[in-house]
Amino acid sequence: MNTLTFRALRELADGRFHSGVDVARALGRSRATLNEALKSAPDLGVDLFSVRGRGYRLAAPIDFLDPAQVALPAGLRLEVCDEVDSTSTRLVERAAAGAPSGTCLAAEWQSAGRGRRGRSWVASLGGSLTFSMLWRFERGAGQLGGLSLAAGSAVAEALADCGVRRAQVKWPNDVVVDFRKLAGILVETAGEIQGPSAAVIGVGVNYRLPERVLDQIDQPVTDLAQCAGDALPSRSVVLGRLLARLASTFAQFDVRGFPAVRETWRALHAYQGRPVRVHPPHHKPFDGEVVDVAADGALVVSTPSGPVHLASAEISLRIR
Ligand code: BTN
């Protein structure tokens, strides 16, 4: 994406009319160049009106991230960029190159955002929060079971801090409100079996998704604007709360593993006691009832042939 497109959208961020002359002047470019740069706005999920005699206006204001407004907990470092392919892809590379624990990367726009199970992550400029955090653990890569669940409960708690009343988790690591997905988490780990290890935790939160973008998502979703209403803090404030909850949860996890957050997670689990259909990859779906989460983060489902422990993040779960 042309960097001029982001600069022009910043000029228009307040959602009011701005004349093409004024915006072009502010950017030091011609009106024709500005017009060309703004043609890619729809590719970013941004709706833009152009009205003869009045200029340009965004369909909705864009709340760009402001690093100065992100309350960054001690020990973390945050970089905010306009565009990247995937914050997780970049941070995995940086982790391999020795980046310190607590390195965070947030992007206004990901051109190739990745979800779990090989899916892409649908977002829009200003309509989502997309960031990744690198955390280094003393414990081994073989002892990171339940880390993605721990991340899920941290995100659910942070979103509750932001005014979401019924934020819950769905195994393994979605955050849902009334069974509609509000946030997704992608955990990628590396390191020695006995330790130390490193994880890149990528988080995507639906902040205020335009209708057009919601239509591209093939599962029930919701966003913070719907869930938090008037109490909705800015994206920068939400980001700070997410980073704070994640950092404190990972510090506890490094000492005690998933048992450190198991009770919290149980209390937040939307599917506890529910009849579900389990979809394992490459196997036939089967039915059961969610009974518990084990100390290693496996979901315990009772079936007619006895309890089954679901451990793979490749498994998906639907309410029956
Ligand atoms: C899921 O499928 O539910 C996980 C979605 C994770 C998306 C986030 S957005 C920031 C980070 N970068 C990526 O490419 N993916 C994660």
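Everything discussed here concerns the structure shown above.
The model shown is predicted, which means the values in this text are computed figures rather than measured ones.

1. Examining the site of the ligand
And then number 1: Around the ligand sit 20 residues, and of these Ser 86, Gln 110, Arg 114, Arg 116 and Lys 181 come closest.
And then number 2: With respect to the ligand, the side chain of Lys 181 contributes an N or O atom lying 2.6 Å from an oxygen atom.
And then number 3: For the ligand, the accessible surface in isolation is 410 Å², of which the surrounding protein chains cover 97%.
And then number 4: Mapped by element, the contributors of at least two residues to the shell around the ligand are helix 4 (87-96), strand 5 (128-137), strand 8 (180-191) and strand 9 (197-206).
And then number 5: Looking at which element gives the most residues to the shell around the ligand, the answer is strand 8, with four residues.
And then number 6: The residue makeup of the shell around the ligand, split by class, is five nonpolar, 11 polar and four charged.

2. Focus: the packing of helix 5 (residues 147-161) against helix 8 (residues 235-256)
And then number 1: Taken N-terminus to C-terminus, the directions of helix 5 and helix 8 make an angle of 145°; their axes are 8 Å apart at the nearest point. For the pair helix 5 and helix 8, the crossing hand works out as right-handed. In contact with Leu 147, Ala 150, Ala 151, Ala 154, Val 155, Glu 157, Ala 158, Leu 159 and Asp 161 of helix 5, helix 8 contributes Val 238, Arg 241, Leu 242, Arg 245, Leu 246, Thr 249, Phe 250 and Phe 253.
And then number 2: In the contact of helix 5 with helix 8, the residues fall into 12 nonpolar, one polar and four charged.

3. Observations concerning the environment of Val 21
And then number 1: Here Val 21 lies in helix 2 (residues 20-27).
And then number 2: Owing to a relative accessible area of 39%, Val 21 belongs among the partly exposed residues under this scheme.
And then number 3: Sequence separation between Val 21 and Gly 55 is 34 residues; the distance between their C-alpha atoms is 8.3 Å.

Here is what the cut-offs are and how they apply
- Residue positions are given per chain, counted from 1 along the sequence in the order it is written.
- Since the coordinates come from a predicted model, pLDDT governs what is reported: local features require at least 70, and pairs of side-chain atoms require 80 or more to be given and counted, while whole-chain, interface and lining totals use all residues.
- The side-chain values count all of the structure's non-hydrogen atoms but skip hydrogen atoms and water molecules.
- The criterion for a residue being near a molecule or strand is simple. One of its heavy atoms has to lie within 4 Å of it.
- What qualifies as a polar contact is a pair of N or O atoms within 3.5 Å, subject to a donor-acceptor requirement within protein and to the restriction that residues adjacent in sequence count only when both atoms come from side chains.
- Residue burial considers only the protein chains on display, and all accessible areas are found by Shrake-Rupley using a 1.4 Å probe.
- Strands here mean DSSP runs of E at least two residues long; helices mean DSSP runs of H or I at least four residues long; both are numbered from the N terminus.
- Three classes are used, and their members are as follows: Ala, Val, Leu, Ile, Met, Phe, Trp, Tyr, Cys and Pro are nonpolar, Asp, Glu, Lys and Arg are charged, and the others, Gly among them, are polar.
- For helices, the axis comes from a line fit to the C-alpha atoms of the stretch in contact; other axes are also lines fit to C-alpha atoms, and the angle between any two N-to-C directions lies between 0 and 180 degrees.
- Take the far helix as the reference: if the near one is turned anticlockwise from it by less than a right angle, the crossing is left-handed, and if turned clockwise, right-handed.
- Whether two residues are in contact is decided by their heavy atoms, any of which lying within 4.5 Å being enough.
- Categorising residues by exposure relies on relative accessible area from a 1.4 Å probe, with only protein chains included: less than 20% of the type maximum marks a residue as buried, more than 50% marks it as exposed, and the intermediate range marks it as partly exposed.

Geometric descriptors of this kind do not, in isolation, establish any biological role.
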